[in-house]
Amino acid sequence: DAGITQSPRYKITETGRQVTLMCHQTWSHSYMFWYRQDLGHGLRLIYYSAAADITDKGEVPDGYVVSRSKTENFPLTLESATRSQTSVYFCASSAGTGDPRPYEQYFGPGTRLTVT
Amino acid sequence: DQQVKQNSPSLSVQEGRISILNCDYTNSMFDYFLWYKKYPAEGPTFLISISSIKDKNEDGRFTVFLNKSAKHLSLHIVPSQPGDSAVYFCAARRTGANNLFFGTGTRLTVIP
């Protein structure tokens, strides 16, 4: 199906484990983003990517790693999960400059991660 | 430091009446603003946007107003419907950037 998908939708892991959240989009959007949503904080940007092999830090990057070897995929890895990383994670994409709606981001359904 | 602020965590409105959701920002470099709607267990969905060169944008029941001098924008929903019950996020884009800054959200409840 066209659009943006995330997997898994739910994940429970233990402190210290490595976890990878997957994100896939079919629009060939240039930009992709990872956010976390926490009560009282809204959506906070973790990392974003302007194109394949180009990534940059957002507001809360510590403890996270990203890669983007293909335009359509943007995985987020928690190298050693901590309880403070328990959150709902959203991936998003946008077309970027040249598109009639360059800045509108389209979100995936989210991954609820619990670190015990 | 929260550059986009939604100071009302929640709002309740009767069906058929107007809902007004407010958003304030601090960064004068913001030049594009968006509203997103979020239902539980789903990702945010784009609702409406406005460029800083305009002061109003309308799309059906939804209108966004921008007051640049006050660094304030608002979303009006008229008439409100029960299906509008959701969390609404305000977001802003800084000139030259493609990432967005989001507010903390306002939970709207439309009472039938």
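This text follows the structure it describes.
In this text, all values refer to a predicted model and were calculated from it rather than measured experimentally.

## Focus: the overall build of chain A
Consideration 1: Looking only at helices and strands, chain A features zero helices and 11 strands.
Consideration 2: Taken from the N to the C terminus, the helices and strands of chain A come in the order β-β-β-β-β-β-β-β-β-β-β.
Consideration 3: Radius of gyration (C-alpha) of chain A: 14 Å, near the 13 Å computed for a compact globule of 116 residues.
Consideration 4: Each of the three principal axes of chain A carries a C-alpha extent, and together these read 45 × 30 × 25 Å.
Consideration 5: Expressed as a percentage of its 116 residues, the buried residues of chain A come to 47%.
Consideration 6: As displayed, chain A offers around 5,700 Å² of accessible surface, 47% of which is attributable to carbon and sulfur atoms.

## Side note on the pattern of salt bridges
Consideration 1: For the structure shown, the criterion picks out eight salt bridges over all chains.
Consideration 2: When the shortest N-O distance is used, the salt bridge between Asp38 of chain A and Arg44 of chain A registers 3.0 Å.
Consideration 3: Close ionic contact of Lys37 of chain B with Asp84 of chain B constitutes a salt bridge, the shortest N to O distance being 4.0 Å. Of the two residues, Lys37 of chain B sits in strand E4 (residues 30-38) while Asp84 of chain B sits in the loop between strand E8 (72-77) and strand E9 (86-94), which places them 47 residues apart along the sequence. The residues Lys37 of chain B and Asp84 of chain B share a single accessibility class, namely buried.

## What to know about the sheet that holds strand E7 (residues 64-66) of chain A
Sheets are built from strands paired through backbone hydrogen bonds, the pairs being either parallel or antiparallel.
Residues and elements named next belong to chain A.
Consideration 1: The strand order across the open sheet built from four strands is E1-E3-E8-E7, with neighbouring strands paired in antiparallel fashion. Whereas interior strands pair on both sides, the edge strands pair on one side only; in this sheet they are strand E1 (4-7) and E7. Averaged over all adjacent pairs, the angle separating strand axes in this sheet is 20 degrees, with direction ignored.
Consideration 2: The pairing of strand E3 (residues 19-25) with strand E8 (residues 76-78) spans three bridges and is antiparallel. Pairing of Val19 across the sheet is with Leu78, part of E8.

How each quantity is defined
Residues numbered from 1 in each chain as written. Chains lettered and ligands numbered in written order. Predicted model: local features only at pLDDT ≥ 70, side-chain atom pairs only at ≥ 80, totals over all residues. Heavy atoms only, no water. Helix = DSSP H or I, 4+ residues; strand = E, 2+ residues; numbered from the N terminus. Rg over C-alpha atoms; globule rule 2.2 N^0.38 Å. Buried < 20%, exposed > 50% of the residue type's maximum accessible area, 1.4 Å probe, protein only. Areas by Shrake-Rupley, 256 points an atom, 1.4 Å probe, with all protein chains shown as cover. Salt bridge = Lys/Arg side-chain N within 4 Å of Asp/Glu carboxyl O. Pairing = 2+ DSSP bridges. Axes fitted to C-alpha atoms, helices over the stretch in contact; angles between N-to-C directions.

In short, shape yes, function no, at least from these values alone.
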